[in-house]
Amino acid sequence: MNRTSLNYGTFVPAEQQIQLQPEYTSGSMAAETVLHELLHAIFAVATVQVKQGEEHIVSVVATYLAQIIRDNPEFVIWLQRTVGR
Ligand SMILES: [Zn+2]
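All residue numbers here refer to positions counted from 1 along the written sequence of the relevant chain. Residue-level local features of this predicted model are given only where pLDDT is at least 70; pairs of side-chain atoms are given and counted only at 80 or more, and the full residue set underlies all totals for whole chains, interfaces and linings. Excluded from the side-chain calculation are hydrogens and water; included are all heavy atoms of the structure.

What follows deals with the pairing of strand β2 (residues 17-20). Note on pairing: DSSP must find at least two bridges between two strands before they are called paired. Numbering goes from the N terminus for both helices and strands, where a helix is a DSSP run of H or I of at least four residues and a strand is a run of E of at least two. Here strand β1 (residues 9-12) runs beside β2; their pairing, made up of four bridges, is antiparallel. The residue of β2 that forms the bridge with Gly9 is Leu20. Taken together, β1 and the strand that follows it, β2, pair antiparallel across an intervening segment of four residues, in which Gln16 is found at a positive phi of about 50°.

For the rest of this paragraph, the subject is the packing of aromatic side chains. Any Phe, Tyr or Trp ring, taking Trp's six-membered ring, that has another such ring centre within 6.5 Å forms a pair; planes under 30 degrees apart are called stacked, those over 60 apart edge-to-face, and the others tilted. Scanning the model with the defined rule gives one aromatic pair in all. Note on Phe75 and Trp78: the rings are 6.1 Å apart at their centroids and 15° apart in plane angle, and the pair reads as stacked. Here Phe75 and its partner Trp78 are both found in helix α3 (residues 73-83), three residues apart, which amounts to about one turn of the helix. When its relative accessible area of 21% is taken as the criterion, Phe75 is described as partly exposed. Residue classification places Trp78 among the partly exposed positions, given a relative accessible area of 34%. Residue exposure (1.4 Å probe, protein chains only): buried if accessible area is under 20% of the type maximum, exposed if over 50%, otherwise partly exposed.

With that settled, consider the nonpolar core. Buried together is how nonpolar side chains tend to be arranged in soluble globular proteins. Grouped together as the largest cluster of nonpolar side chains are eight residues: Leu38, Ile42, Ala46, Val48, Ile57, Val60, Val61 and Ile68. When contributions to this core are tallied by element, the ones reaching two or more residues are α1 (27-45) and α2 (54-71). Counting residues per element, this core draws most heavily on α2, which supplies four residues. For this analysis, a nonpolar core means a set of buried residues of the types Ala, Val, Leu, Ile, Met, Phe, Trp, Tyr and Cys, connected via side-chain atoms within 4.5 Å.

Between the alpha carbons of Trp78 and Thr10 there is a distance of 19 Å; along the sequence they are 68 residues apart. When sequence neighbours within four positions are dropped, the list of residues in contact with Trp78 reads Ala30, Ala31 and Val34. Between two residues, a contact is recorded if the distance between any of their heavy atoms is within 4.5 Å.

Here we come to a nonpolar patch on the surface. Judged by side-chain polarity, Leu39, Leu65 and Ile69 come together as a nonpolar surface patch covering roughly 230 Å² of accessible area. With respect to the element layout, Ile69 can be found in helix α2. Patches here are clusters of residues that have more than 30% relative accessible area and form no salt bridge, with a 9 Å joining cutoff for like charges and a 5 Å cutoff for nonpolar side chains (Val, Leu, Ile, Met, Phe, Trp, Tyr). The Shrake-Rupley method, run with a 1.4 Å probe, gives the accessible areas here. Residue values count only the displayed protein chains as cover. Salt bridge, as used here, is a side-chain nitrogen of Lys or Arg placed within 4 Å of a carboxyl oxygen of Asp or Glu.

Let's shift gears to the packing of α1 against α3. Orientation of α1 relative to α3, taken along the N-to-C sense of each, is 140°, at an axis distance of 7 Å. Looking at the two axes, α1 sits oblique to α3. Taken together, the residues of α3 that come into contact with α1 (itself represented by Gly27, Ser28, Ala30, Ala31, Val34, Leu35 and Leu38) are Phe75, Trp78, Leu79, Thr82 and Val83. Between the N-to-C directions of two axes lies an angle of 0 to 180 degrees, each axis being a line fitted to C-alpha atoms and, for a helix, fitted only over the stretch in contact. The scheme is simple: roughly parallel for angles under 35 degrees, roughly antiparallel for over 145, roughly perpendicular for 65 to 115, oblique for anything else.

Right, here's the structure in full:
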């Protein structure tokens with residue numbers, strides 16, 4: 001979902017897909033939007049719920065993030081290049 005009523009990006013659980021705009025006003029906006037939706041995707045895939053508590057959620061999210069970073073080196077490079085623009 002979105003931080004505001006503006007539709008920066010969306011995670012569509014049924015399609016296991018993060019949908020983004022073709023362009024963003026800045027690289028940091030693009031990177032933050034991708035990370036925001038990525039975390040929604042992790043919460044959905046890992047079936048994380050707020051009631052499970054911070055420590056459990058952080059452990060699960062850290063495991064998924066490590067996997068994503070391991071499996072997607074091009075994404076990590078894109079993130080590093082884009083976030084500073
Ligand atoms: Zn959101």
